[in-house]
Amino acid sequence: MHSLLSHPRLAGSATLLLVSTLAACGGGGAAAPDTAPAAGVSSSIAATVTPASLMDLSGWKLNLPVDSAGSDSPQNGARTVLPQELVAGFTDDYFRADGQGRIVFTAPANGAVTTPGVGTDHTRSELREFDRQGDARGDWTGSGALSARCEVRQVATASATAVIGQLRSENHVFAQVVYRVATQDIAVDVYQSDTDGSRHALTALVSGVALGQPVAYTLSFAAGVLTASANGTQRSFTVDSSWNAAPLYFKVGAYHTAPNAGNPAGDATSVACSAIAVTH
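The residue count restarts for each chain, going from 1 along the sequence in the order it is written. Since the coordinates come from a predicted model, pLDDT governs what is reported: local features require at least 70, and pairs of side-chain atoms require 80 or more to be given and counted, while whole-chain, interface and lining totals use all residues. Side-chain numbers come from the whole structure's heavy atoms, not from hydrogens or water.

Student: Could you give an account of the sheet that holds strand β7 (residues 124-129), with specific residues and numbers?
Tutor: Spatially, the eight strands line up as an open sheet ordered β4-β3-β7-β16-β9-β10-β11-β12, and their pairing is antiparallel. Taken across any chain shown, the strands that pair with only one partner, and hence form the sheet edges, are β4 (80-81) and β12 (200-207). Inspection of the sheet shows strand β11 (residues 185-191) paired to β12 by seven bridges, in the antiparallel sense. Among the inter-strand pairings, Tyr191 is bridged to a residue of β12, identified as His200. Two strands make a pair as long as DSSP finds a minimum of two bridges between them. Secondary structure elements are taken from DSSP: a helix is a run of H or I of four residues or more, a strand is a run of E of two residues or more, and numbering for both begins at the N terminus.

So, in structure tokens, the structure goes:
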């Protein structure tokens, strides 16, 4: 067990990551300010807390919305922070601790993307699983489960959704846990096969989720069945056998569908997570 654990639209193998003992534990929306340090935690202590002090990051990489020089130029490739850098205490404006035991992921609408001119033109601040018992890329085959407790604080104006969790193969999305702004709900988007142009469908899991409201969700795959849940509501999907042998990995953080250029200054998607767990 490891301690963990983060305007437009605003609001405040097994690896187990839990809330730190430092903690007391969308289309348009009003701003809720970032929370102050918890009672009993001085601002000076909170300022020195890094994500690595809240969470075991040795099994993760980080995709950022800026390049290796810190530039947010849309033409540049986004930086990937390796596990050893994360463990050493890496933190910046896009990946930080909030002083209440949560890791805050911020993806500005304008910024660098992972594959400029080739893949999607959307920024992200996401942890990417790197399974130390997996293959050379950190992927796994067989079965796995992701559980997290997160709150969507902000969604970029040009994006109808915020993606807060993913299961992927090297070339395709398998499933995404999505916050939908217009309907204020959590849904799962499941892709039927590990092929180009796969059919996919969104299924609502829980409604009445305002910005800033925590959601506990799970995403798991085993024996040809993809299962997703949010706040206790669960749905299961039988999927194509192409997923059974596919090397897979989980992602957690902030991702959206806003284009990575031409957005208002300060526009961003922000997600804060207080608990994350991955099991295999």
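Student: Describe the state of the cysteines, with residues and values.
Tutor: Cysteine sulfur pairs qualify as disulfides if the two atoms are within 2.5 Å. Under the counting rule described, the total for this entry stands at one disulfide. Between the sulfur atoms of Cys150 and its disulfide mate Cys273 the distance is 2.2 Å. Between Cys150 and Cys273 the sulfur-sulfur dihedral comes to about 100°; the bridge is accordingly right-handed. Note that Cys150 is positioned in strand β8 (residues 144-154) and Cys273 in strand β17 (residues 268-279), a separation of 123 residues in sequence. You'll find Cys150 and Cys273 in the same group, each marked buried. To sort residues, take the accessible area from a 1.4 Å probe on protein chains only and compare it with the maximum for the residue type: under 20% means buried, over 50% means exposed, and anything in between is partly exposed.

Student: Just give me the short version of the pattern of salt bridges, but keep the residues and values in it.
Tutor: Within this document, salt bridges are pairs made up of a side-chain nitrogen of Lys or Arg and a carboxyl oxygen of Asp or Glu, the two lying within 4 Å of each other. Evaluated as defined, the whole model comprises 11 salt bridges. Residue Arg102 pairs with Asp98 through a salt bridge whose shortest N-O separation is 2.7 Å. What makes Asp98 buried here is its relative accessible area of 7%. Taking the shortest distance from any N to any O, the salt bridge between Arg180 and Asp185 comes out at 2.8 Å. Residues participating in the shared-partner salt-bridge network are Asp98, Arg102, Glu151 and Arg153.

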